[in-house]
Protein chains: 2
Amino acid sequence: MPGGTDMTLRPFAWRAENLYPDTEIVSRTHEGIERYTYADYAKRTAQLAHAMTEYGIEEGDRVATFCWNHHRHFETYFGIPTIGAQLHTINPLLPDEHIQYIVDNADDQLIFVDDSLAPKLAQAAEGAEEFDGVDFVVMSETETDALDATPYEEFISGHPTEFDWPQVDEDQPAGMCYTSGTTGKPKGVEYTNKMLWAHTMATLTPHGIPMNDDDVVMPVVPMFHVNAWGMPFTATAAGAKHVYPGPSPDPEDLAKLIEEEGVTITAGVPTVWLGLMEYAKENDLDLSALDTVIVGGSAAPESMIRWFDDRGVELLHAWGMSEMSPIGSVSHLKSDLADADYETQVQKRAKQGIMVPGLEFKVINEDGEQIAWDGEEFGELHVRGPWVTKEYFKRPDANEEDFVDVPGSEATGKSGDGTSSGRWLKTGDVVTVDEDGYLKIVDRAKDVIKSGGEWISSVELENAIMAHDDVSEATVIGVPHEKWQERPVAFIVPMEGADEDTIREEVLEMLHEEYPKWWIPDAVEFIDAVPKTATGKFSKKDLREQYTGSVELHEGSVPEDAAPDQND
Amino acid sequence: MPGGTDMTLRPFAWRAENLYPDTEIVSRTHEGIERYTYADYAKRTAQLAHAMTEYGIEEGDRVATFCWNHHRHFETYFGIPTIGAQLHTINPLLPDEHIQYIVDNADDQLIFVDDSLAPKLAQAAEGAEEFDGVDFVVMSETETDALDATPYEEFISGHPTEFDWPQVDEDQPAGMCYTSGTTGKPKGVEYTNKMLWAHTMATLTPHGIPMNDDDVVMPVVPMFHVNAWGMPFTATAAGAKHVYPGPSPDPEDLAKLIEEEGVTITAGVPTVWLGLMEYAKENDLDLSALDTVIVGGSAAPESMIRWFDDRGVELLHAWGMSEMSPIGSVSHLKSDLADADYETQVQKRAKQGIMVPGLEFKVINEDGEQIAWDGEEFGELHVRGPWVTKEYFKRPDANEEDFVDVPGSEATGKSGDGTSSGRWLKTGDVVTVDEDGYLKIVDRAKDVIKSGGEWISSVELENAIMAHDDVSEATVIGVPHEKWQERPVAFIVPMEGADEDTIREEVLEMLHEEYPKWWIPDAVEFIDAVPKTATGKFSKKDLREQYTGSVELHEGSVPEDAAPDQND
């Protein structure tokens, strides 16, 4: 029978180091650009493995990182899992109490921390018993003032540049990430070697985010956020050149890296690309090398797709979750849409895409029934597959809430049947599926606005509002309403110098043309910035806390008879 | 912890049936062209699953096929494994006693057999106790005279077109194939769901044989030969159109299918393409839709690569084994060779290629040492990975011979280290690895010619000889020699009408220019055809049996001092 040590990460690194020894790994640091090859990488990860082993890290131990995207962080990506330990990336943007909880919950002993993030970590660690006995390695050549930490270069130096890599069990966790839940404590997700192996291979297929050895891959999405969507692993398996943008890159930094390093594939949340689009208004921007921009984390507006199209760059919308390692669907244009008109194509590509091979999904409505694939019906997306987690780390309460075991028969999909039992992840995303199988997230289950017994998609309204030229950002939340349970209220960040009253008037007019009257927000408010979560997503929870109750509903802005009849 | 039911075949079929319901599956039959869609396929495989369940097939049972490449055979590809049973493809070209042994060894109960192959199977079954209790389904609408068999269409008809697919354990074997060993009994290789899942995903990566939903995939390699190199699974995972060329297609049949169905990817052994090249000499051949021809089974001559290049078609050399599901390496041009001159590129592409992501290999010479990656040193290739089998079916004797367990430390590759232990498959292929990591098979371990204490690659001589315009086929074997242990003898099939003496003279002259004197064959013999194995490969074993001893060594054709000094 087949063994359980084949689906591990080491063969990906082995292949790159041996087949592409001269291919570069490039890293932007505070001092400039660091540049070396896979051959160097092989030696340095071997040294790191020796150093960790000497320190006392054993198979099954968790080792944490508190870092931006750079070459040393990338060294931990293979260096930690290939000795059988577990790469635990901590999000440095979390509040102190979350960091304390996470370090304690994960039982971290050793944390690799960036020089620039050391003060933040020192603040979280100070006086916190969760940090008792934790040691630090600072990602630099020299010590840091903020923490008692060994410099990384000192930590690894002098060790042999070859390592006798063990055969790791493929079910051994290789990675770990905490989801920054909007309510309650962060939930830990463990990524086994096998999950990351499967995710890497699925990502490399044409329906994922294929990469080859002539690609230059720059993950802008932070490496502390679901392993930068797995790109450091994927790029290595492909033998691609890596470019890491370093600490808090601004649009100019990204533009320079894209131009000077010839980046062909990059990935990040929409706000990153909005920043680049703003930058391009006043600066020359050469995107000639760039083939593909992956956008995830939240929905990319159609205008962004068009903007990149105009510059010969394909924007691929990807959807995923921390619980899914993370990739689920990618908005590739299906071949039977190749001859569709451009508008139709853009509308398809603005959806979250089609599920990559190897995953199964079903969409369940409020009545527990599967929805029709008509692009209209809503329901909660359920997924299953080799890189979808089956549980949270030490959190039976959350497991009960977010997973569903289907003991009996359960048909899935449009025409065919799925398999009949097993554990499904409830994604918390409310979606439609169109006749072509494209998923579209219409809301988070907790953000969908329940008005008069019907659902209104807050996300759809937001995208419509953000299409207005004078709107920089917009978000829509449901506020409590005596008669209708909830009513939508829009919050808009205007472009600099734009007139608020004009925007309000034009936006409402636009919405009236596109949506039923009962979808139209009861109020439009203007704010300086949309509050964001630690991962850069709009934080509706914060907005609700900040604004609910203080919003003055504009009486008469929507006629009462516009709301749906509850008996409909 | 992750479960063990995710890496199965059902999700690939589910995805194609739901995302690409209108995409076609096309099949050439004796009557003409059959054509239906994935939506139809979904219904028919559900009916097949019901029929087999009613017949009594249970999880873990083996179900055999004895068929060419067609839609009904493809229905068994998913229909059998997705109910937890095991698709056992039998090679109908094997001798009767091998078929009897295989049916007995695999404990087959039910065999799906082609109408045209029923007489052959009836002959093997007649009076053979190995066939006691075995039932037959003939792949047609009507009965066959040769066997007492239920017609397939009758077998499945009337059953429901939906099936409540079970969750199958991923370690459950999904497939099985016997290698037609040149010595001894055929050896059974089982393919678990997990192995086929991993093989499918790895094949879809850019370093494998990527396919997309706009591809039209025609496996010419028989479906009884390592699942047609996995293409029916891969094409389904990609949502591609399938084209099956039916019973014993000739070059004209293939040409018509390529042209009329717009085939973009096809695959087969070199002799298939030699046939097409011959056909093209006297017929118009439109290859405009074709992107890629996969050549495997044995090495493609450089002239074939050039011939397809001239027609805008990329010939990809693939190397694999029954024990590897089967794909190991593919001769993609690495990006740093993109600027190399055409001759260099062709030479690289004529090698067996670079290992696909997910596999590890090492090459061990006679002294048990790893060879240098210099393109010169020889050794036996060892491989390991998720789709490489760990054992033969019920054959502990063969396991001992063909696998090696490495308990301690073992570095692999050029610069980096591999993992340190585990089970490696000894491929029996003798290879070089060049500085770019391209594998080149210089011989089978059993075919390499041992002359004067040194190794001569019979394959390299064959390729050199086949480059001669008047040579249709050529093979070189070692014949016993008193002084030098073995000496090479070349067997040539001349092109029609060519002059044998001229060929002999020119070939020897060519070889003298390219190779050391002691490599030059002692004799050049002319034959009508090279004997072939059941899978279409040159059978050197047969040639040795037929010719050894009867060959007159041409005294003086090679001066004695041309042979290497044994003390070198």
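Residues numbered from 1 in each chain as written. Chains lettered and ligands numbered in written order. Predicted model: local features only at pLDDT ≥ 70, side-chain atom pairs only at ≥ 80, totals over all residues. Heavy atoms only, no water.

## What about the overall build of chain A?
Item 1. Scanning chain A from N- to C-terminus turns up 17 helices and 26 strands.
Item 2. Taken over C-alpha atoms, the radius of gyration comes to 24 Å for chain A, in line with the 24 Å a tight globule of 568 residues would show.
Item 3. With the C-alpha coordinates of chain A rotated into their principal frame, the extents come out at 75 × 60 × 55 Å.
Item 4. Taking all 568 residues of chain A together, 63% fall into the buried category.
Item 5. Within chain A, contacts between residues separated by at least 24 positions form 68% of all contacts whose residues are at least 6 apart in sequence. (Helix = DSSP H or I, 4+ residues; strand = E, 2+ residues; numbered from the N terminus. Rg over C-alpha atoms; globule rule 2.2 N^0.38 Å. Buried < 20%, exposed > 50% of the residue type's maximum accessible area, 1.4 Å probe, protein only. Contact = heavy atoms within 4.5 Å.)

## Here we look at the side chain of B:T389
Residues and elements named next belong to chain B.
Item 1. On the secondary structure map, T389 appears in the loop between β18 (379-384) and α14 (396-402).
Item 2. Residue classification places T389 among the buried residues on the basis of a relative accessible area of 6%.
Item 3. A distance of 2.9 Å separates the side chain of T389 from the backbone oxygen of E391, its partner in a polar contact.
Item 4. The contacts of T389, once residues within four sequence positions are left out, are V189, E190, M195, E323 and F403. (Polar contact = N/O pair within 3.5 Å; in protein donor to acceptor, adjacent residues only side chain to side chain.)

## Structural notes on the sheet that holds strand β4 (residues 86-89) of chain A
Residue and element names in this part refer to chain A.
Item 1. Taken in spatial order, the seven strands of this open sheet run β7-β6-β5-β3-β4-β8-β9, and their pairing is mixed. What marks the edges here is a single partner per strand, and that holds for β7 (149-151) and β9 (187-192). Looking at each pair of strands side by side, their axes are set apart by 25° on average, direction ignored.
Item 2. Pairing of strand β3 (residues 62-66) with strand β5 (residues 110-113), which is carried by four bridges, proceeds in the parallel orientation. For A64, the partnering residue across the bridge sits in β5 and is I111.
Item 3. Contacts between helix α4 (residues 96-106) and the sheet are confined to β3, β4, β5 and β8 (173-179), with β8 contributing the most and set at about 150° to the helix. (Pairing = 2+ DSSP bridges. Axes fitted to C-alpha atoms, helices over the stretch in contact; angles between N-to-C directions.)

## Observations regarding helix α7 (residues 193-204) of chain B
Residues and elements named next belong to chain B.
Item 1. An ideal rise of 1.5 Å per residue puts 16 Å on twelve residues; α7 measures up with 17 Å between its terminal C-alpha atoms.
Item 2. Buried residues dominate α7, accounting for twelve of its twelve residues.
Item 3. Every buried residue belonging to α7 is among N193, K194, M195, L196, W197, A198, H199, T200, M201, A202, T203 and L204, and all of these are buried. (Expected span 1.5 Å × (residues − 1).)

## Focus on the sheet that holds strand β4 (residues 86-89) of chain B
Residue and element names in this part refer to chain B.
Item 1. Across the sheet, which stays open at both edges, the seven strands sit in the order β7-β6-β5-β3-β4-β8-β9 with mixed pairing between neighbours. Two strands close off the open sheet at either side, each with one partner strand: β7 (149-151) and β9 (187-192). Direction aside, neighbouring strands of the sheet carry axes that sit 25° apart on average.
Item 2. Against the sheet, helix α3 (residues 71-79) engages β3 (62-66), β4 and β5 (110-113), with an angle of about 140° to β4.

## A look at the pattern of salt bridges
If the charged atoms of two oppositely charged side chains come close together, the side chains can form a pair.
All names here are of chain A.
Item 1. Applying the stated criterion across every chain, the model contains 64 salt bridges over all chains.
Item 2. The residue D96 makes a salt bridge to K120 at a minimum N-O spacing of 3.2 Å. Here D96 is found in helix α4, whereas its partner K120 is found in helix α5 (residues 118-125), with 24 residues between them in sequence.
Item 3. Taking relative accessible area as the criterion, D96 reaches 18% and is therefore assigned buried.
Item 4. Its relative accessible area of 22% is what places K120 among the partly exposed residues.
Item 5. The salt bridge partner of D397 is R395, with a shortest N-O separation of 2.9 Å.
Item 6. For D397, a relative accessible area of 47% corresponds to the partly exposed category. (Salt bridge = Lys/Arg side-chain N within 4 Å of Asp/Glu carboxyl O.)

## Section: the pairing of strand β12 (residues 265-268) of chain B
Residues and elements named next belong to chain B.
Item 1. Residues I265 and A267 of β12 are buried on one face, and the alternating residues T266 and G268, pointing to the opposite face, are buried as well.
Item 2. The sheet contact formed by β12 and strand β13 (residues 292-295) spans four bridges and is parallel. Each bridged residue has a counterpart across the sheet, and for A267 the counterpart in β13 is I294.
Item 3. The parallel pair β12 and β13 is bridged by helix α11 (residues 270-282), and the resulting crossover is right-handed. (Right-handed = clockwise from strand over helix to strand, strands pointing away.)

## Points about the environment of B:L461
Residues and elements named next belong to chain B.
Item 1. Here L461 is to be found in helix α15 (residues 458-466).
Item 2. Separated by 417 residues in sequence, L461 and R44 place their C-alpha atoms 50 Å apart.
Item 3. In contact with L461, other than residues within four places in its own chain, are I456, V476, P488, L511, Y515 and W519.

## Side note on a negative patch on the surface
Item 1. Side chains of A:D469, A:D470, A:D499, A:E500, A:E505, A:E506, A:E509, A:E513, A:E514 and A:D528 sit close together on the surface and give a patch of like negative charge.
Item 2. Since its relative accessible area comes to 37%, A:E500 is described here as partly exposed. (Patch = residues over 30% accessible without salt bridge, like charges linked within 9 Å, V, L, I, M, F, W, Y side chains within 5 Å. Areas by Shrake-Rupley, 256 points an atom, 1.4 Å probe, with all protein chains shown as cover. Lys, Arg positive; Asp, Glu negative; His and termini not counted. Charge placed at Lys NZ, Arg CZ, Asp CG, Glu CD.)

## So, unusual backbone geometry
Item 1. Of note, the amide linkage connecting A:S325 to A:P326 takes the cis form, showing an omega dihedral of 0°.
Item 2. Not every positive phi belongs to a glycine, and B:W229 is a case in point at roughly 55°.
Item 3. Relative to the helices and strands, B:W229 is located in helix α8 (residues 226-229).
Item 4. Overall, the relative accessible area of 8% leaves B:W229 in the buried class.

## Here we look at the side chain of A:Q345
Item 1. Summarising the element assignment, A:Q345 is placed in helix α13 (residues 342-349).
Item 2. Among all residues touching A:Q345, those that are not within four sequence positions of it are A:L333, A:L337, A:A338, A:D339 and A:A340.

## Regarding the packing of aromatic side chains
Item 1. A complete count under the given rule lists 40 aromatic pairs over all chains for this structure.
Item 2. Ring centres of A:W307 and A:F308 lie 4.9 Å apart, and the angle between their planes is 85°; this geometry places the pair in the edge-to-face category. Neither A:W307 nor A:F308 differs from the other in exposure class; each is buried.
Item 3. Here the aromatic rings of B:F361 and B:W373 are separated by 5.6 Å at their centres, their planes lie at 15°, and the arrangement is stacked. Highlighted residues: B:F361 in strand β17 (residues 360-364) and B:W373 in the loop between β17 and β18, separated in sequence by twelve residues.
Item 4. Exposure remark for B:F361: the relative accessible area of 2% places this residue in the buried category.
Item 5. Stacked on the ring of B:Y20, the Lys or Arg A:K334 has its end atom at 4.9 Å from the ring centre. (Phe/Tyr/Trp six-rings, centres within 6.5 Å; stacked < 30°, edge-to-face > 60°. Lys NZ or Arg CZ within 6 Å of the ring centre and 35° of its normal.)

## Details of the pairing of strand β17 (residues 360-364) of chain A
Residues and elements named next belong to chain A.
Item 1. Here β17 lies mainly inside the structure; five of its five residues are buried.
Item 2. Neither face of β17 is exposed, since E360, K362 and I364 on one face and F361 and V363 on the opposite face are all buried.
Item 3. In the sheet, β17 pairs with strand β18 (residues 379-384) via five bridges, with the strands oriented antiparallel. Bridged to K362 within β18 is H382.

## Examining the environment of B:V346
Residue and element names in this part refer to chain B.
Item 1. With respect to the secondary-structure elements, V346 resides in helix α13 (residues 342-349).
Item 2. On the basis of relative accessibility, which here comes to 0%, the residue V346 falls in the buried class.
Item 3. Considered as a pair, V346 and V489 are 143 residues apart in the sequence and their alpha carbons are 27 Å apart.
Item 4. Apart from the residues lying within four places of it in its own chain, the contact partners of V346 are E302, I305 and R306.

## Focus: the confidence of the model for chain A
Residue and element names in this part refer to chain A.
Item 1. Residues at a pLDDT of 70 or more form 92% of chain A, whose mean pLDDT is 90.
Item 2. Scored below 50 in pLDDT, residues 407-418 shows 42 contacts in the model against residues more than four places distant or in partner chains.
Item 3. Every residue in residues 555-568 scores below 50 in pLDDT, and together they form 22 contacts with partners more than four places removed in sequence or on other chains.
Item 4. Confidence estimates for the predicted assembly give a pTM of 0.88 and an ipTM of 0.87. (pLDDT = per-residue confidence, 0-100.)

## Considerations on the packing of α11(B) against helix α12 (residues 302-310) of chain B
Residue and element names in this part refer to chain B.
Item 1. Contact pair α11 / α12: the axes reach a minimum separation of 11 Å and the direction vectors enclose 50°. As judged from the angle between their axes, α11 and α12 are oblique. For the pair α11 and α12, the crossing hand works out as left-handed. In this structure, α11 contributes P270, W273, L274, M277 and A280 to the contact, and α12 contributes S303, M304, W307 and F308.
Item 2. In terms of residue class, the contact of α11 with α12 is made up of eight nonpolar, one polar and no charged. (Parallel < 35°, antiparallel > 145°, perpendicular 65-115°, else oblique. Left-handed = near helix turned anticlockwise from the far one by under 90°. Nonpolar A, V, L, I, M, F, W, Y, C, P; charged D, E, K, R; others polar.)

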